[in-house]
Amino acid sequence: MIRLVGGLVLNEDGTKLVPGDLLVDASGARPANGSAEGEALDCSGCWVVPGFVDMRCHLREPGEEHKEDIQSGLRAAARGGFTAVCALPGTTPVHDVRAVTEQMLARASGGPARLWPIGAITKGLRGKELAELADMLDAGAVAFSDDRYPIADRGLLRRAMEYARSFDALIALHCCDPSLDMGHAVHEGVFSVELGLRASPASAETVAVDAACELALVTGARVHLSHLSAARSVESLRRAKARGARLSADVSPHHLRYTDANLVGFSPMYKVLPPLRAEADRQALLEGINDRTIDAIATDHAPHAPLDKDCEFSAAEAGVIGLELALPTLMPLIDAGELQAAAALHALSNGPSRVLDQRDGFSRGDVTVVDPKADWVVDKLASKSQNSPLYGESVVGAARFTLAYGSLQYRAGDRP
């Protein structure tokens, strides 16, 4: 039994932080009501929140363990306040069969955070033939995605939704029209012209979002739109939800904080997929979190080896790490009043839990204690990779304690 005392607790509907103490064990978290039971952890000055859940995370195992492996990823998750992470299927071999689901869960055993695997929608992520979704679901997959690969065949996408609907599984989509995008991880706008970079228009995303929204309405399937980046995508999501579509969506911390203006200087650390877009897009994403049109904040944690980023911009891999850096990425936005604290905390915790049809964090005994004033230098990370624009910087915002399964898994000051 652990007693969390002196903090501000996120209320049940995730709208405000209120003073309170909690008792936490394997059966869940509940109000302490003056109880003196258990080890007391001082949460003064902190926010006490249902455990963070990352809906979109690349853990690289099996196949690229030099970048990250499941256990290093789970340690990074716990240090960042995440009590559960959804591992994407872009592994080697691809997570498109039951055996890989079982292997991933076995590798996660005993880790400080929960692993919720996401299986592939199509075999080999090739967008040609449906994988055995029901078999992976039975083995422990929580959702299905083709990772960073769009499913261009709309007929196949509809069949995937109809198949998933038969067992009420979640289909998560990287929305992109490849004929418009052409693989360019730079937003088409003023800065792409100024820098002379080949670019991808926002319409590459919004056209695909519109199609996904329509198919969600037609099929009645549970459909999730991953890492939205464009203002019109948020508008389409808002309209489709109002029409009754079973839609949800997430946005990454880096799309909430940065824009294509950060590309000046050609740092590959700002090369991400989808690309950082214009300030108007960033503002629309912030509004989407604040008014709960967007359900979740997902890190899109993408660890890379040094040489993948230490090269010219055009040759660099897209993506940044995020498990340990979500809070320091978001805190300046909260401090500036752009991002509502309660809305952000809900989008990191019970928002994604509900999208995934999982029990809320407190009922699982998963709790994150956030110190919004903690200042630290980004180094000596638990992740095997360092690809982030924040690496080496002084930042504010960190997890003071992370509890999963009702037990303390991380305490501020612990080192990997």
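Going by the structure above, here's the rest.
The present account deals with the structure reproduced in this document.

The rules behind the values
Residues numbered from 1 in each chain as written. Predicted model: local features only at pLDDT ≥ 70, side-chain atom pairs only at ≥ 80, totals over all residues. Heavy atoms only, no water. Helix = DSSP H or I, 4+ residues; strand = E, 2+ residues; numbered from the N terminus. Rg over C-alpha atoms; globule rule 2.2 N^0.38 Å. Buried < 20%, exposed > 50% of the residue type's maximum accessible area, 1.4 Å probe, protein only. Contact = heavy atoms within 4.5 Å. Areas by Shrake-Rupley, 256 points an atom, 1.4 Å probe, with all protein chains shown as cover. Lys, Arg positive; Asp, Glu negative; His and termini not counted. Charge placed at Lys NZ, Arg CZ, Asp CG, Glu CD. Expected span 1.5 Å × (residues − 1). Pairing = 2+ DSSP bridges. Axes fitted to C-alpha atoms, helices over the stretch in contact; angles between N-to-C directions. Polar contact = N/O pair within 3.5 Å; in protein donor to acceptor, adjacent residues only side chain to side chain. Salt bridge = Lys/Arg side-chain N within 4 Å of Asp/Glu carboxyl O. Right-handed = clockwise from strand over helix to strand, strands pointing away. Core = buried A, V, L, I, M, F, W, Y, C linked by side-chain atoms within 4.5 Å. Parallel < 35°, antiparallel > 145°, perpendicular 65-115°, else oblique. Left-handed = near helix turned anticlockwise from the far one by under 90°.

**Some words on the overall build of the protein chain**
Along the backbone of the protein chain there are 15 helices and 16 strands. Against the compact-globule benchmark of 22 Å for 416 residues, the protein chain has a radius of gyration of 20 Å, which places it among compact chains. Along the first, second and third principal axes, the C-alpha atoms of the protein chain reach 60 × 50 × 45 Å. Of all 416 residues assigned to the protein chain, the portion counted as buried reaches 61%. In the protein chain, 76% of the contacts between residues at least 6 apart in sequence involve partners at least 24 apart. For the protein chain, the accessible surface area stands at approximately 15,400 Å², while carbon and sulfur atoms represent 50% of it. Computed over 42 positive and 55 negative side-chain charges, the separation of the two mean positions in the protein chain equals 2 Å.

**Thoughts on helix α7 (residues 203-219)**
Helix length check: α7, at 17 residues, gives a terminal C-alpha distance of 24 Å against a target of 24 Å (1.5 Å per residue), a fit within 8%. Every buried residue of α7 is listed here: A204, E205, T206, A208, V209, A211, A212, C213, L215, A216 and T219. Where α7 is buried, its residues contact α4 (154-165), β10 (170-173), α5 (178-181), β11 (222-225), α8 (231-242) and β12 (247-251). Positive phi shows up at G220, right after α7, with a value of about 75°.

**Quick notes on the sheet that holds β12**
Pairing is parallel across the open sheet formed by eight strands, whose spatial order is β6-β7-β8-β9-β10-β11-β12-β13. Only two strands of the sheet have a single neighbouring strand rather than two, namely β6 (52-57) and β13 (296-297). The sheet contact formed by strand β7 (residues 82-87) and strand β8 (residues 114-119) spans four bridges and is parallel. The residue bridging C86 from the neighbouring strand is W116, located in β8. Packing of helix α2 (residues 98-108) onto the sheet brings it into contact with β7 and β8, and relative to β8 it is tilted by some 165°.

**Quick notes on the side chain of S145**
Along the chain, the position of S145 falls in strand β9 (residues 143-145). Among the polar contacts listed, one links the side chain of S145 to the backbone oxygen of A172, at a separation of 3.4 Å. With residues near it in sequence (within four places) discarded, S145 still touches R56, L88, P89, I118, G119, A120, I121, L125 and A172.

**Quick look at the pattern of salt bridges**
Enumeration over the complete set of coordinates arrives at 25 salt bridges. For D147, the salt bridge goes to R56, with nearest N and O atoms at 3.9 Å. A residue pair is termed long-range when its members are at least 10 positions apart, and D147 in the loop between β9 and α4 and R56 in strand β6 qualify at 91 residues. In this structure, D147 and R56 share a single accessibility class: buried. With its nearest N and O atoms 2.8 Å apart, the salt bridge here joins R114 to D366. Of the two residues, R114 is situated in strand β8 and D366 in the loop between α15 (361-364) and β14 (367-377); the sequence distance between them amounts to 252 residues. Taking the relative accessible area as the measure of exposure, R114 reaches 15% and is therefore buried. It is possible to trace a salt-bridge network through shared partners that takes in R98, E102, D135 and D138.

**Structural notes on the pairing of β7**
Counting buried positions along β7 yields six of six residues, so the element is predominantly enclosed. In terms of handedness, the path from β6 via helix α1 (residues 70-79) over to β7 forms a crossover that is right-handed.

**Regarding α1**
Taking burial as the measure, the 10 residues of α1 include eight buried ones, the bulk of the element. Buried within α1 we find I70, S72, G73, L74, A76, A77, A78 and R79. In this fold, the buried residues of α1 make contact with β7, α2, β8, β15 (394-404) and β16 (407-411). One side-chain oxygen of the residue at the start of α1 lies 3.1 Å from the amide nitrogen of Q71, identifying that residue as D69. Trailing α1 by a residue or two, G81 shows a phi angle of about 95°, which is positive.

**Side note on the nonpolar core**
Ranked by size, the top nonpolar core spans 74 residues in total, and within it L173, L225, L247, L256, I289 and I297 carry the most contacts. Ranked by residue count, the leading element in this core is helix α13 (residues 341-348), at seven residues. If we skip the residues at most four places from it in the chain, I297 touches V53, V251, P253, L256, I289, L330, A344, A347 and L348. Y258, L263, F313 and V378 belong to the second-largest nonpolar core, a separate cluster that totals 17 residues.

**Remarks on the packing of α4 against α7**
The angle between the axes and the distance between the axes are what describe a pair of packed helices. At their nearest, the axes of α4 and α7 sit 10 Å apart, and the two run at 40° to each other. Compared by their axis directions, α4 and α7 come out oblique. For the element pair α4 and α7, the recorded crossing hand is right-handed. On α7, the residues touching R154, L157, R158, M161, E162 and R165 of α4 are V207, A208, A211, A212, L215, A216, V218 and T219.

Read these as layout, nothing more, since geometry by itself doesn't imply function.
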